[in-house]
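Spelled out, the chains give:
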Amino acid sequence: MSKFRTRIGAQLKPRRLQIGQALRVTLAALLALAFAQAVHLRLPLWAVLTSIIVTQLSVGRSLKVASDYLIGTVGGAAYGGTVTIFVPHHSEWELLAVLALVVAPLALIAAIKPRFNVALVTAIIVLLVPTMTQVNPLDSTIDRVLEVGVGAITGLSVSFVVLPSRALGLATNAAARTLELMAVALRELLAGLTGGLDTDALHRLQDGIGVSLVKLGEIAVEAESERSAGLSNGPDTAPLLRTLLRLRHDLVMVGRAAGAPLPESLQARLGGVLGEFSEAATGYLSACAMALRGRGESPALQPLRAALEAYDVEVAKVRKDGTTRQLPGERIEQFFALGFALDQLQQNFEDLAMRVAERAKPGETVTGTATSDEAAEG
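Below you will find a few notes about this structure.

## As for the overall build of the chain
When helices and strands are tallied, the chain shows 14 helices and zero strands. Listing the helices and strands of the chain from first to last along the sequence gives α-α-α-α-α-α-α-α-α-α-α-α-α-α. The C-alpha atoms of the chain give 28 Å as radius of gyration, which overshoots the globular expectation for 378 residues (21 Å, by more than 25%). Looking at the chain as a whole, 44% of its 378 residues qualify as buried. Sequence-distant contacts in the chain: of pairs separated by 6 or more residues, those separated by 24 or more amount to 80%.

The structure is reproduced here in C-alpha cells:
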C-alpha cells in the first residue's frame, strides 16, 4: 500500500499546480452559485461562468482577468442598456437595426483590444434578454453587472485564499526551464563546431526556447500586476526576461558560427578549449536554473572566465602563427564570429548572475547541477 501511495504521489507531484487550479475552479463555481442564489440573482449562470473565467492559475492572472472582465462588462452593459432603452425596436427589422448599432462599434473595440471582448457579449445579452423574458432593459442591465460582480468577487476570493499561486514563482520556474533548454542547445551548438550539427534537433530546441520565452513574457505581466497591487514584494521579472532574450540572441549568433564544422586545422588547435568552455558554460546555465528554483546564491563565474581566457589565449596563438591566413574568407569570418559570440555570452552570463542574486535568500545555497540530459527530459 505504501508503494502504491508513493507511486501515486510521484505521478501527482508534477501536476500539483494543475490540481490546485482544478480545486480552486470547482470551489469558485460552487460558491458563486450559492452566493447568486442567496441574493436572488435572476440568472445565476453568469455568476458561475464568471467565477470560472476569473479563477486563473496565478493570483496575478486572476487580477488581470477580473479587471478586464469587470471593465468590459460595465462598459458593454452601459452602452447596450442605453441603446436598448432609448432606441425603439418593436419590430424584427428594428431589432436587427439596433443589434447592428450595438455590435458594430463594440466589435471594432474588441478587434483593437481583444481583452474587452466581453463588452460585446454583455451588450448583446442586455439587448436580447428582454425580448426573451419578462424583464425591462434597465433591470437586464443591472442584473448583468450584478451577476458578473458576484462571479468576479467569488473567483478572486478563491484565488487569494485557496492554495494561492503567485505569478512571481511561476515566472522563476519558467525562467529556470528556459535556462535548462539553453544549456542543452549551447552544448549541441558548440559540439557542432567539431562534429557537425543535427539541424532538425537544433530547430526543435530553438523553438522550445522561443515558446518558453513567450510564456515567461506572459507571466511577467501577471507578476507585475501582483506587484502593483502590493501582493508581491519580489524583484521585477522584466530584467530577468531581458537577460534571457539577450542570451537567446547569443545562441543564435553561436548557431550561425556553428553552421559548419571548423576547418581541421582549427579543430586541432581549438577543439580542446572549446570543449572546456562548453562544459563551463552549460554547467553554469544549469546551475543558474537550479539556483533560481531553490532561491540559492549565484554559481561561481570563475570556471567560465578561466575557460574563455584559455580559449582567447589559444586564439591569440593561432593568429600569431598565421594559421588563419591559409583559410578562405568565409572560414575566417566564421572564426571571428565565434569569438565575438563567446565574448557576448560571457557578458550576459555576468548579467544573469545579478538576476539570480536578486532572487536568492540570504545564506541559501543550492548544491548539484542538472545535467544537459536531465534538462532535455524536464
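## A closer look at empty space enclosed by the protein
This model, assessed by the stated rule, comprises one cavity of 30 Å³ or more. Around the largest cavity, the lining residues are Arg42, Leu43, Trp46, Ile125, Val129, Val135, Ser140, Asp143, Arg144 and Glu147. Secondary-structure elements contributing two or more residues to the lining of the largest cavity are α6 (117–132) and α7 (137–161). Of all the elements, α7 adds the most residues to the lining of the largest cavity, at four residues. In terms of residue class, the lining of the largest cavity is made up of five nonpolar, one polar and four charged.

## Points about the pattern of salt bridges
On inspection of all chains with the given rule, the structure shows 15 salt bridges. Of the charged contacts in the structure, one is a salt bridge between arginine 42 and aspartate 143, with a shortest N-O distance of 2.7 Å. Placement of the pair is arginine 42 in the loop between α2 (16–38) and α3 (44–54) and aspartate 143 in helix α7, with a sequence separation of 101 residues. Taking relative accessible area as the criterion, arginine 42 reaches 47% and is therefore assigned partly exposed. Between glutamate 279 and arginine 187 there is a salt bridge, with its nearest N and O atoms 2.7 Å apart. Here arginine 187 lies in helix α8 (residues 167–195) and glutamate 279 lies in helix α11 (residues 264–294), a separation of 92 residues in the sequence. Given the relative accessible area of 48%, glutamate 279 is considered partly exposed.

Calculation rules
Residues numbered from 1 in each chain as written. Predicted model: local features only at pLDDT ≥ 70, side-chain atom pairs only at ≥ 80, totals over all residues. Heavy atoms only, no water. Helix = DSSP H or I, 4+ residues; strand = E, 2+ residues; numbered from the N terminus. Rg over C-alpha atoms; globule rule 2.2 N^0.38 Å. Buried < 20%, exposed > 50% of the residue type's maximum accessible area, 1.4 Å probe, protein only. Contact = heavy atoms within 4.5 Å. 1 Å grid on protein atoms, 1.4 Å probe; cavity = no way out; pocket = protein on both sides within 12 Å on 5 of 7 lines; lining within 4 Å. Points joined across faces, edges and corners; volume = space filled by probe spheres on them. Nonpolar A, V, L, I, M, F, W, Y, C, P; charged D, E, K, R; others polar. Salt bridge = Lys/Arg side-chain N within 4 Å of Asp/Glu carboxyl O.

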